[in-house]
Each structure stands twice: as structure tokens, then as C-alpha cells.
Amino acid sequence: MLAIRLFAEPDRLDTLVLPVRAAGEAEGGDAPAIPVLTAATLPEGVAEEAGALVPAARLTGRAGETRTHLRPGRSPGVLVLAGVGDGDEAGWRRAGAAIARAVADEKHATVALPADASPEAVRGLYEGLLLASYRFRLTDAGEAPALAQVDLVVANPDDHLAVVEAARTTARMTRFARDLTNTPSSVKNPQWFAEQVAERADGTPDLHLRVRGPVELAAEGFGGILAVGGGSASTPRLVELDWRPADARTHVVLVGKGITFDTGGISIKPVPAMKLMRKDMGGAAAVVAATLGAAALRLPVRVTTLAPLAENAVSGSAFRPGDVIRHYGGITSETTNSDAEGRLVLADAISYAVRELKPDVLVDLATLTGANAVALGKRTGALYSENDELAGKFLAAVEAAGEQAWRMPLPADYVEYLGSEVADLFSAPTQGAGSVLAALYLREFTDDLRDRWVHVDMSAPSWADSDDAELTKGATGWGVRSLLRWLATLS
Ligand code: BES
Ligand code: MN
Ligand code: ZN
């Protein structure tokens, strides 16, 4: 991971990045975009040169805009101007991402921040740099990124210690979730996933891990996880990761869908729909990474995370359309379509949480339906909750973190579609809005936590088809940033 250090004065001036604020209303009318006054002492003439470059290079200061100017034989040898918009956290995050891409071929760069840079600005810049410079590398093939270190020059580095720790942990854990999600399913079976969690949880005080395998799952009645995982040569697991600090007053349970590959099962997916189904554990990756992050930051809130892990495979031992599954706690589902597998493993985990853990709040994240993208496009998760206050606070955290979600309804007139003649519930109704129906199905398992429950269908934003601002093509780690922001507000 790219190393970022804070200094009060530049240490090296090979590549220098100067921020440029947007022209705009704040300055009154048509004020020109101007390089911000930096905290740093720059070599003679550099600030003036940057000022002259703004109109010459037609910079508007829009967040994410960059211009690179080469100065061979002089110091700095590369001068980059980077727009930060109106200078809020989101503008700096976008700028950080653009800077990471603009200087990707340099080994080292220095960003000189404004003398009055806020901790939020530093946080945005820091996260943007670390998230956009992410690359998934399974082998040593291809070119490694050159950029190894970025120095941020700020007036008082000590003022930013807390945000730097939060930003660093958030980015590190988002990158971990991306790594898990990008990993091919030939490597990442349920056992492998559980081992990755164990490796990272090991040695952290107050952090406890329990992994249930097929024998324990059968003994305790986790019928959904066992049915979905039954067709695979790799047996299912249930990861239970518990961050339990002594000073916690609130207990949150996080649940994440962990299908390590989704073939659709006997109701097999066609080729284009199956091609990226290694990403079907993005919810599990996000909740686990956020919990490790909460522990690393020692957030004073108890977080118990459940990741039901299974591979939805096709074989003679796979569950069938029409099978009736008995979930943890006893509710039964008629499984009309083996491709609606995510809700079956989540149902077990939610029932277990409600009955045995009895938290204050329950949040689940899942790559649950293709309908998420149909309704909301490629970057926005579908959020469901019956609790306006909880939904509002969660959405505020999502927005502050730089992710996107939109609240969706849980309409009463759809509940009848969940009726089955042979079981308590029908798992995959064929008519109606898919993401809504999946949410209504999950709600049936929330019992007395029904109004303290948030469900996010994050199928769409969990993956980026191309590099985009702080997202690198591939897994986005959606949810880690939002969850950590939200958990921090509970302390
Ligand atoms: N994992 C998929 C949902 C998905 C689709 C995630 C595209 C990411 C991108 C899920 O298990 C699934 O197959 N859902 C079905 C539900 C249907 C059978 C009721 C779907 O969305 O078609
Ligand atoms: Mn499926
Ligand atoms: Zn799935």
C-alpha cells in the first residue's frame, strides 16, 4: 500500500502537486480558479508559475481535474495542478484519486495543502489517494505501480493524527474487502475466506472469532446455509467475528452475504450472468472488513459480524427447485429457484442474530439481486428499513463516506407473493420487483428486531466496470466506508 506521510515543510521536491480551488459562487461571481495558498515554503517563482498556468491550461478547479507541467532540469521537475472543487471532503477525495492517477508513474510526490486545510480535507485526500492507487495483483505479472510514497505538507501535522488514523484504517480495510472480492473462486472457497479473517483477527485484544463448519451447522440447524452449500465440493462455513470492547453500550450485528461463487445452482445462470459471480461475497467481505476496522480503531461499540459462506454449485448433491428448507429457528422456505440462494443463507444468520445475540440494531449487506441495478443504476445501493431515524442516520453516513444508497419501500401489497402452500415462505416469487421482494422475504426473519433493521442490496455498487474516481476497476469494497462512518457515530 502506498505510504503517506505528513510534514510541515516539503522534504523532497521532485513532483509537486498544488491544489486549485474552483471558480465559483463562494468567491462571488466569476472569480477565477486559483491555486490555494500553501502551508509550504516553495522554491522561488513556483507559486507565480502555477498561478499563470491556471488560465493557460484552462483549469476550472473542478474536483478531479489535473494538469501536469514538466520542468526538466528544475526543481520540482513535475508540477501538477489539481482541482479540489469548493474544498469540502468530497472534493478533496476526488482530487486525491485524480492525483494518484496523475502521478502513478512517479515514485514519489509531494502535495502542498492550504495553510488552513481542515482535518476533513486531509481525510478526503488521504482516502482518495489510497483507494484510487489500489491494484489487485494475484501474480507478479504485469507492471507494478511505481508510486510508493506521497508526502502531504500541512501547517500542523499533529492536528491531523486522528483523521489520518481513521482514513488509513478505512482505506486499508476497503482494500482488504476488494482483495477478497476480486480473488478468483478457485482460490476463495468458504474455508479460505474464514482463514483470511482468522489471519487478520488474530492477536487483537477483545476480538473473538468463531467459525462453524458443516458439522456444527447441522447440529445447530442452519438449514439455509447447508442447502445452498450442499452442491459444492467446498463445504460451507459461518464466520462469527465479535468485537467486544469493555466500554461498549450499543450492540450492532452485521450480516453479509458470502456466496463464494454463484452458478445459480440447478437453476443455472446463463454465461453472461455467471461470469462475474465471484463477487457474490462482497457483502461478507464488507462486514468483516468493517469489523476489523472497528477493532483497529477501537470504536467503543460492540459489533458482532456474521458471514454465512457457501458456494452455490451444480451437482448431484445440490438443492433443487421445490425443496423445502428449514432455517435456523424453524421457519421454512419453499425454494422455487436455486438462484435465489443469498436470501436463504441470510435468513439463517438473521434468525440466529435475532434469537441468540439480541442486538440493538441489525444491518445486513448483500449482493442480492440484479434488480438493484435495474432500479438504481450502477453505483447506488438499495436501502430498506422500517425505522426512519435509523435509515436517515445510516444514509447520512453513506453520503459522508462518499458512497451512495437510496431508500426503497417495503410495500404491504407485495407480502402476499411470499405465500407458499407447502412452507412458511416462498423464497423467489416470479412476479414483482426483485430487490423489494428479497427485502420483504428477509424481513420475515427479523422478528422483534423488525424496526431496528437495515438491509442494503448492494449488488450494483459492489463492482466497477472501469476506473472511476476513487474506484479501481473490479471490486469496490462498497460498504466498508459507510459502515465505519456509521459505527463511529454510535460511540
Ligand atoms: N447473486 C445474484 C444477484 C446479482 C446479480 C448480484 C447481478 C450481482 C450482480 C443473486 O443470487 C441472484 O441470482 N438473484 C436473482 C434472484 C431471482 C432468482 C429471484 C436475480 O437477481 O435474478
Ligand atoms: Mn443467485
Ligand atoms: Zn447470489
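What comes next concerns the included structure. These figures come from a predicted structure and were not determined experimentally.

## Digging into the side chain of threonine 260
- The residue threonine 260 is located in strand S11 (residues 258–262) in this model.
- Threonine 260 gets classed as buried once you look at its relative accessible area, which sits at 1%.
- Every residue in contact with threonine 260, bar those within four places of it in the chain, is listed here: Ser185, Lys188, Asn189, Pro190, Met277, Arg278, Met281, Ala310 and Glu311.

## A short note on the coordination of the zinc ion (ligand 3)
- Within the protein, Lys257 (NZ), Asp262 (OD), Asp280 (OD) and Glu341 (OE) serve as the donor atoms for the zinc ion (ligand 3), at 2.0 to 2.5 Å.
- When the donors of the zinc ion (ligand 3) are listed by position in the chain, the intervening gaps give K-x4-D-x17-D-x60-E.
- Between the zinc ion (ligand 3) and the manganese ion (ligand 2) the interatomic distance comes to 3.2 Å, and aspartate 262 is a ligand of both metals. With a gap of 18 residues between them, aspartate 262 in strand S11 and aspartate 280 in the loop between helix H8 (271–274) and helix H9 (282–296) connect regions that are remote in the sequence.

## Topic: the site of ligand 1
- Neighbouring residues of ligand 1: 16 residues in total, closest Lys269, Asp280, Asp339, Glu341 and Gly370.
- The side chain of lysine 269 places a nitrogen or oxygen atom 2.8 Å from an oxygen atom of ligand 1.
- Within the backbone of threonine 367, an N or O atom sits 3.5 Å from a nitrogen atom of ligand 1.
- Burial of ligand 1 by the protein chains amounts to 77% of its free accessible area of 520 Å².
- For the shell around ligand 1, the per-class residue count stands at three nonpolar, five polar and eight charged.

## With respect to the sheet that holds strand S13 (residues 323–326)
- On the basis of which strands lie adjacent, the open sheet formed by three strands has the order S13-S14-S18 and mixed pairing. The open sheet is flanked by S13 and strand S18 (425–426), the only strands paired with a single partner.
- Of the strand pairs in this sheet, S13 and strand S14 (residues 332–335) are connected by four bridges, and their pairing is antiparallel. Looking across to S14, one finds that valine 324 is bridged to glutamate 334.

## Remarks on the nonpolar core
- The biggest cluster of nonpolar side chains holds 50 residues, and the ones touching the most others in it are Phe193, Val363, Leu365, Phe394 and Trp486.
- With 10 residues, H9 is the largest single contributor of residues to this core.
- The residues contacting phenylalanine 193, other than those within four sequence positions of it, are Leu180, Met281, Ala284, Ala285, Val288 and Leu309.
- Ranked by size, the runner-up nonpolar core spans 42 residues in total, among them Leu306, Val354, Leu410 and Ala438.

Definitions and limits used
Residues numbered from 1 in each chain as written. Chains lettered and ligands numbered in written order. Predicted model: local features only at pLDDT ≥ 70, side-chain atom pairs only at ≥ 80, totals over all residues. Heavy atoms only, no water. Helix = DSSP H or I, 4+ residues; strand = E, 2+ residues; numbered from the N terminus. Buried < 20%, exposed > 50% of the residue type's maximum accessible area, 1.4 Å probe, protein only. Contact = heavy atoms within 4.5 Å. Donors = N, O, S within 2.8 Å, 3.2 Å for Na, K, Ca; no water. Near = heavy atom within 4 Å. Polar contact = N/O pair within 3.5 Å; in protein donor to acceptor, adjacent residues only side chain to side chain. Areas by Shrake-Rupley, 256 points an atom, 1.4 Å probe, with all protein chains shown as cover. Nonpolar A, V, L, I, M, F, W, Y, C, P; charged D, E, K, R; others polar. Pairing = 2+ DSSP bridges. Core = buried A, V, L, I, M, F, W, Y, C linked by side-chain atoms within 4.5 Å.

Function cannot be inferred from these measures alone, as they are strictly geometric.
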